[in-house]
Amino acid sequence: MLLIDNARIFTPQGIVEGSILCKDGEIVKIGSFEPPEVEDTINAHGNVVLPGIIDSHVHFREPGGDHKETWETASRAAAKGGVTTVLDMPNTSPPLTTVKRLADKRAMVRGRSYVNYGFHFGATPTNAEEILLADNIASVKVYMGSTTGDLLVDDDGALYTIFKAAKQAGFLVMVHAENEALIKKLTADAKKAGHNSPSIHPRIRDNVVAAEASSRAAIISKSVGNRLHIAHISTRQELNVVRLSNGRVTCEATPHHLLLEEDALESMGNFAKMNPPLRSDADRRALWRQFANITTVATDHAPHTRSEKQKDYWEAPAGVPGVETLLPLMLNEVSRGRIELGDVVEKLCYAPARVFGLPTKGKIVEGCDADLTIIDMNLTKVIDDSSIVSKCGWSPFCGFRVRGWPVTTIVNGQIVYNKANFFEPVGKEVRFSHQKGV
Ligand SMILES: [Zn+2]
């Protein structure tokens with residue numbers, strides 16, 4: 001049993017002062033009570049305890065990318081960042097697109113993870129049958145435009161088939177929405193004109209690239225009857241697609257699209273290259289103005305090595321790490337007064353639990369899983385590459401002065417991270433409630 005005392009507890013009913021008792025991985029008691037004899041006690045020193053953060057979009061790179069990141073390094077980075085559940089993307093090598101590979105992945109990760117985890121299942125033009133056989137997956141992830149790895153469904157007939165299979169199996173569809181034909185055309189134009197600077201990236205993957213694919217996915221999913229979640233929206237146009245769906249389409253935004261703009265490509269080069277790209281000031285401000293219409297905030301944690309990022313623009317891979325800076329960056333927005341702590345809990349805990357079907361996660365309620373994050377809203381630190389635990393060892397937010405940090409992370413009722421120390425990898429695969437026939 002674990003007792004957290006002297007805490008300010010963020011519950012759905014508001015802040016409760018007192019203690020949390022955890023037993024067998026569950027929250028068993030919240031509030032003021034006479035504590036029983038326990039093995040472990042943490043004094044929260046009056047700090048706020050949040051539900052453990054759910055990062056519903058990460059690339060932990062195994063199999064095939066362990067020079068960039070391993071499950072150990074990535075899940076430690078998550079624990080350090082107050083993240084207690086991650087949902088991992090399928091564009092590995094080989095990609096997770098068959099039930100056999102899903103089983104292999106489960107065997108590969110078991111016993112190695114510091115945080116809880118689930119897996120997205122990749123769509124290909126021909127794997128509808130595999131989708132129908134898959135079990136306990138976060139979503140069917142469809143890459144409408146090409147990015148890291150070779151997963152791509154850029155044919156509308158194949159897209160329709162995949163959406164139908166996902167509907168039949170009861171799975172959420174999650175899209176990386178970029179129009180592949182437009183990317184190819186704009187790439188050819190840029191190469192012909194002799195461009196080779198990272199600053200060209202937002203012109204190649206222009207707003208229309210994202211907007212067209214998002215609206216196409218919204219139209220097809222409406223006709224088929226899918227639940228659709230659009231990954232990493234970055235443009236004003238995509239916000240309109242989501243708004244016009246009247247709540248049927250949910251969406252995600254990333255910290256980098258909320259906090260960085262395209263001019264970062266000039267100062268940081270390929271270290272600010274990701275898909276979809278950083279946008280204009282007008283787009284970034286629109287994301288904040290319509291923050292209420294953004295369902296979840298997730299990182300798209302996509303580490304690459306420094307030497308890969310130092311290549312020529314055309315060769316350098318797209319993607320930035322983020323799992324350990326997600327919560328601090330969002331808490332800093334609370335400190336600055338842009339949003340409230342309740343917004344952070346909604347976008348990082350309640351909403352991902354709802355969208356992906358994790359009814360016992362993301363909230364501090366008796367009977368729910370004991371995944372908890374203690375935060376110190378008075379702690380100020382500068383994000384520095386030397387403090388990054390992810391194997392890649394760098395952050396696009398290096399130099400950001402941030403107020404509000406996670407200090408202790410509890411997964412399944414056990415301390416996995418406390419003040420710079422890591423403990424045991426006690427993470428387990430989560431169970432999704434949205435499945436066949438649901
Ligand atoms: Zn991604």
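Residues numbered from 1 in each chain as written. Predicted model: local features only at pLDDT ≥ 70, side-chain atom pairs only at ≥ 80, totals over all residues. Heavy atoms only, no water.

**Here's the deal with the coordination of the zinc ion**
Piece 1. Each protein donor to the zinc ion is listed here as His57 (NE2), His59 (NE2) and Asp300 (OD); together their distances run 2.0 to 2.1 Å.
Piece 2. Taken in chain order, the donor set of the zinc ion reads H-x1-H-x240-D. With His59 in the loop between β6 (53-58) and α1 (71-80) and Asp300 in the loop between β14 (296-297) and α12 (306-309), this pair connects stretches of sequence that are 241 residues apart. (Donors = N, O, S within 2.8 Å, 3.2 Å for Na, K, Ca; no water. Helix = DSSP H or I, 4+ residues; strand = E, 2+ residues; numbered from the N terminus.)

**Regarding the environment of Arg227**
Piece 1. Tracing the sequence through the fold places Arg227 in the loop between α7 (207-224) and β12 (228-230).
Piece 2. For the pair Arg227 and Leu172, spaced 55 residues apart in sequence, the C-alpha to C-alpha distance is 5.3 Å.
Piece 3. When residues no more than four places from it in sequence are discounted, the contact partners of Arg227 are Gly170, Phe171, Leu172, Val173, Val355 and His434.
Piece 4. A distance of 3.3 Å separates a polar side-chain atom of Arg227 from the backbone oxygen of Val355. (Contact = heavy atoms within 4.5 Å. Polar contact = N/O pair within 3.5 Å; in protein donor to acceptor, adjacent residues only side chain to side chain.)

**Observations concerning the confidence of the model for the protein chain**
Piece 1. On average, residues of the protein chain score 97 in pLDDT, and 99% of them reach the 70 mark or higher.
Piece 2. Reported confidence for the predicted complex is 0.91 by ipTM and 0.97 by pTM. (pLDDT = per-residue confidence, 0-100.)

**Details of the sheet that holds strand β7 (residues 83-88)**
Piece 1. Spatially, the three strands line up as an open sheet ordered β6-β7-β8, and their pairing is parallel. Among the strands making up the open sheet, the edge pair consists of β6 and β8 (116-119). Ignoring which end each strand starts from, the neighbouring axes of this sheet average 20 degrees apart.
Piece 2. In this structure, β6 lies alongside β7, joined through four bridges in parallel fashion. Across the sheet, residue Val58 finds its bridge partner in β7, namely Asp88.
Piece 3. Against the sheet, helix α14 (residues 341-356) touches β6 and β7, its axis set at about 60 degrees to β6. (Pairing = 2+ DSSP bridges. Axes fitted to C-alpha atoms, helices over the stretch in contact; angles between N-to-C directions.)

**Re the layout of surface pockets**
Piece 1. Within this model, the largest pocket holds a volume of roughly 520 Å³.
Piece 2. Forming the walls of the largest pocket are 33 residues, and the residues nearest its centre are Thr147, Thr148, Gly149, Pro317 and Ala318.
Piece 3. Contributions of two or more residues to the lining of the largest pocket are made by α5 (180-192) and α6 (201-204).
Piece 4. Considering every element that reaches the lining of the largest pocket, the biggest residue donor is α5, with three residues.
Piece 5. For the lining of the largest pocket, a count of residues per class yields 11 nonpolar, 15 polar and seven charged. (1 Å grid on protein atoms, 1.4 Å probe; cavity = no way out; pocket = protein on both sides within 12 Å on 5 of 7 lines; lining within 4 Å. Points joined across faces, edges and corners; volume = space filled by probe spheres on them. Nonpolar A, V, L, I, M, F, W, Y, C, P; charged D, E, K, R; others polar.)

**Description of unusual backbone geometry**
Piece 1. The omega torsion across Glu62 and Pro63 is 0 degrees, close enough to zero to call that bond cis.
Piece 2. Cis geometry marks the peptide bond from Asn275 to Pro276; its omega dihedral reads -10 degrees.
Piece 3. Within the fold, Pro276 resides in the loop between α10 (264-268) and α11 (281-289).
Piece 4. For Asn6, which is not glycine, the phi dihedral falls at a positive 60 degrees.
Piece 5. Counting through the fold element by element, Asn6 comes out in strand β1 (residues 2-11).

**Some thoughts on the sheet that holds strand β10 (residues 140-143)**
Hydrogen bonds along the backbone pair up the strands of a sheet, which may run parallel or antiparallel.
Piece 1. Read from one edge to the other, the open sheet built from six strands follows the order β9-β10-β11-β12-β13-β14, with strand pairing classed as parallel. Taken across any chain shown, the strands that pair with only one partner, and hence form the sheet edges, are β9 (121-122) and β14.
Piece 2. Note: β9 against β10, two bridges, orientation parallel. In the sheet register, Phe121 faces β10, and the bridge partner there is Val140.

**With respect to helix α13 (residues 326-335)**
Piece 1. Extensive coverage of α13 is indicated by the burial of nine of its 10 residues.
Piece 2. Listed in full, the buried residues belonging to α13 are Leu326, Leu327, Pro328, Leu329, Met330, Leu331, Asn332, Glu333 and Val334. (Buried < 20%, exposed > 50% of the residue type's maximum accessible area, 1.4 Å probe, protein only.)

**A few points about empty space enclosed by the protein**
Piece 1. Applying the stated criterion to the full structure yields four cavities of 30 Å³ or more.
Piece 2. Of the voids in this model, the largest cavity is the one considered here, and its volume is about 100 Å³.
Piece 3. Together, 15 residues line the largest cavity, and His59, Thr147, Asn275, Asp300 and Ala302 are the ones closest to its centre.
Piece 4. In the lining of the largest cavity, the residues fall into three nonpolar, nine polar and three charged.

**Here's the deal with the packing of helix α8 (residues 236-244) against α11**
Piece 1. Taken N-terminus to C-terminus, the directions of α8 and α11 make an angle of 30 degrees; their axes are 9 Å apart at the nearest point. One element, α8, and the other, α11, form an angle in the roughly parallel class. Between α8 and α11, the residues in contact are Arg236, Gln237 and Leu239 and Ala282, Asp283, Ala286 and Leu287, respectively.
Piece 2. The class makeup of the residues in the contact of α8 with α11 is four nonpolar, one polar and two charged. (Parallel < 35°, antiparallel > 145°, perpendicular 65-115°, else oblique.)

**Things to note about the packing of α7 against α8**
Piece 1. Direction vectors running N to C along α7 and α8 enclose 15 degrees, while the axes themselves pass 8 Å from each other. Taken together, α7 and α8 sit at an angle that is classed as roughly parallel. By crossing handedness, the relation of α7 to α8 is classed as right-handed. Residues Asn207, Ala210, Ala211, Ser214, Ser215 and Ala218 of α7 form the contact with α8, whose participating residues are Arg236, Gln237, Glu238 and Val241.
Piece 2. Class assignment of the residues belonging to the contact of α7 with α8 gives a composition of four nonpolar, four polar and two charged. (Left-handed = near helix turned anticlockwise from the far one by under 90°.)

**Observations concerning the nonpolar core**
Piece 1. Within the largest apolar cluster, 95 residues are counted, with the highest numbers of intra-cluster contacts made by Val86, Val142, Phe163, Val175 and Ile230.
Piece 2. Examining the composition of this core, we find that seven residues originate from one element, helix α4 (residues 156-169), more than from any other.
Piece 3. Excluding its chain neighbours within four sequence positions, the residues that come into contact with Val86 are Asp55, Val58, Phe60, Trp71, Ala78, Val115, Asn116, Tyr117, Gly118 and Val323.
Piece 4. In terms of nonpolar packing, the next biggest core, distinct from the first, is built from 16 residues, Ala7, Ile20, Ala44 and Ala370 among them. (Core = buried A, V, L, I, M, F, W, Y, C linked by side-chain atoms within 4.5 Å.)

**Description of the pattern of salt bridges**
Piece 1. Applying the stated rule across the entire model yields 23 salt bridges.
Piece 2. Among the salt bridges present, the one from Glu261 reaches Arg284, with a minimum N-O distance of 2.6 Å. Taken together, the positions of Glu261 in the loop between α9 (255-259) and α10 and Arg284 in helix α11 put the pair 23 residues apart, joining distant regions of the chain.
Piece 3. The exposure class of Glu261 is buried, given its relative accessible area of 17%.
Piece 4. Several salt bridges share partner residues, and in doing so they unite Glu62, Glu72 and Arg112 into one network. (Salt bridge = Lys/Arg side-chain N within 4 Å of Asp/Glu carboxyl O.)

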